[in-house]
Amino acid sequence: MDRRDTMAQGRQQNNGSRQRCAQSAAAKASAEPPKAVCAQLEQLNRKLAAASAEILRYQTRLFACERQMAALRQENAQLEAACEQARQEAECAGAHAEQLRQELARHAEAVRPVPVAAHTPPQPEPSAAQSPRPEPEAEQRPQPEPEAPQPAQPDWKPQTRLEHLSVELMNWFDDMMGA
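The shown structure was predicted, so the numbers you read here are calculated from the model rather than taken from an experiment.

Here is what the cut-offs are and how they apply
Residues numbered from 1 in each chain as written. Predicted model: local features only at pLDDT ≥ 70, side-chain atom pairs only at ≥ 80, totals over all residues. Heavy atoms only, no water. Helix = DSSP H or I, 4+ residues; strand = E, 2+ residues; numbered from the N terminus. Contact = heavy atoms within 4.5 Å. Areas by Shrake-Rupley, 256 points an atom, 1.4 Å probe, with all protein chains shown as cover. Patch = residues over 30% accessible without salt bridge, like charges linked within 9 Å, V, L, I, M, F, W, Y side chains within 5 Å. Salt bridge = Lys/Arg side-chain N within 4 Å of Asp/Glu carboxyl O. Axes fitted to C-alpha atoms, helices over the stretch in contact; angles between N-to-C directions. Parallel < 35°, antiparallel > 145°, perpendicular 65-115°, else oblique. Left-handed = near helix turned anticlockwise from the far one by under 90°. Nonpolar A, V, L, I, M, F, W, Y, C, P; charged D, E, K, R; others polar. Buried < 20%, exposed > 50% of the residue type's maximum accessible area, 1.4 Å probe, protein only. Expected span 1.5 Å × (residues − 1). Arc of directions from axis to C-beta. pLDDT = per-residue confidence, 0-100.

### Let's talk about the overall build of the protein
In terms of regular secondary structure, the protein is built from three helices and zero strands. Put simply, the protein runs from its N terminus to its C terminus through helices and strands in the order α-α-α. Sequence separation of 24 or more characterises 88% of the internal contacts of the protein that already satisfy a separation of 6 or more. Just so you have it, the protein exposes about 16,700 Å², and 56% of that area is on carbon and sulfur atoms.

Encoded structure:
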């Protein structure tokens, strides 16, 4: 044999031993792992299962919170709409009250005050022939004592029921707006 044949044979043997080594390593890898590695794997699997369960609990809570937030958002939108409607109604009522107040003020200006004396029927003045005879002093009746002062009365009275009602309504609005 020559040297070349020997080298070729050596290479074949070397390749063969490499293949056997690779097969042996694959066989070792496919063989059962030692007990310590199995215990570690079991422990890691338990931790993974616990973490998965925890994640599932958090996802469930998150879903419940999202539903609750959606309900709160909807309720908030309804409350905002109700507040806006109430604000608009209050503005409308205020404008309407102001309009009524102005109308009543115009109406009150149109109503002319009539002195109270104008409402009492005029008394005819006695003539000299009809003058009453003075009564004797003995028959004179005692004069009543002056009454307690009455609260100040307005110097005019409304002429019609409509005028009276408009004055009452004006007073009521003044009381309402002042309160």
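### A short note on a nonpolar patch on the surface
Taken together, the side chains of Leu169, Trp172, Met176 and Met177 define a hydrophobic patch exposed on the protein surface, amounting to about 400 Å² of accessible area. Relative to the helices and strands, Leu169 is located in helix H3 (residues 161-178).

### Notes on the packing of helix H2 (residues 35-110) against H3
Two elements in contact, H2 and H3, have axes separated by 10 Å at closest approach and are oriented at 140°. It follows from the interaxial angle that H2 and H3 lie oblique. Crossing of H2 over H3 shows left-handed handedness. Each of Ala97, Leu100, Arg101, Leu104, Ala105 and His107 in H2 lies in contact with H3, whose residues at this interface are Leu162, Glu163, Ser166, Leu169, Met170, Phe173, Asp174 and Met177. The residue inventory of the contact of H2 with H3, partitioned by class, reads nine nonpolar, two polar and three charged.

### Here's the deal with the pattern of salt bridges
For the structure shown, the criterion picks out five salt bridges. Glu91 is the salt-bridge partner of Arg87, the closest N and O atoms lying 2.4 Å from each other. Of this pair, Arg87 and Glu91 both sit in helix H2, four residues apart, which is roughly one turn of the helix. For Arg87, a relative accessible area of 39% translates into the label partly exposed. A salt bridge links Arg101 to Glu98; the shortest N-O distance between them is 3.8 Å. With Arg101 and Glu98 both in helix H2 and three residues apart, the pair spans about one turn of that helix. Residue classification places Glu98 among the partly exposed residues on the basis of a relative accessible area of 33%. When salt bridges that share partners are traced, they join Glu84, Arg87 and Glu91 into one network.

### Brief notes about H3
Its 18 residues place the ends of H3 26 Å apart at the C-alpha level, agreeing with the 26 Å of an ideal helix rising 1.5 Å per residue. Taken together, the buried positions of H3 are occupied by Glu163, Ser166, Met170 and Phe173. End-on, the buried residues of H3 take up no more than an arc of 85°, which puts them together on one face. Facing away from the buried surface of H3 by more than 90 degrees, the exposed residues are Arg161 and Asp175.

### Concerning the confidence of the model for the protein
With 66% of its residues at a pLDDT of 70 or more, the protein shows a mean pLDDT of 76. Per-element mean pLDDT across the protein ranges from 73 in helix H1 (residues 3-30) up to 90 in H2.

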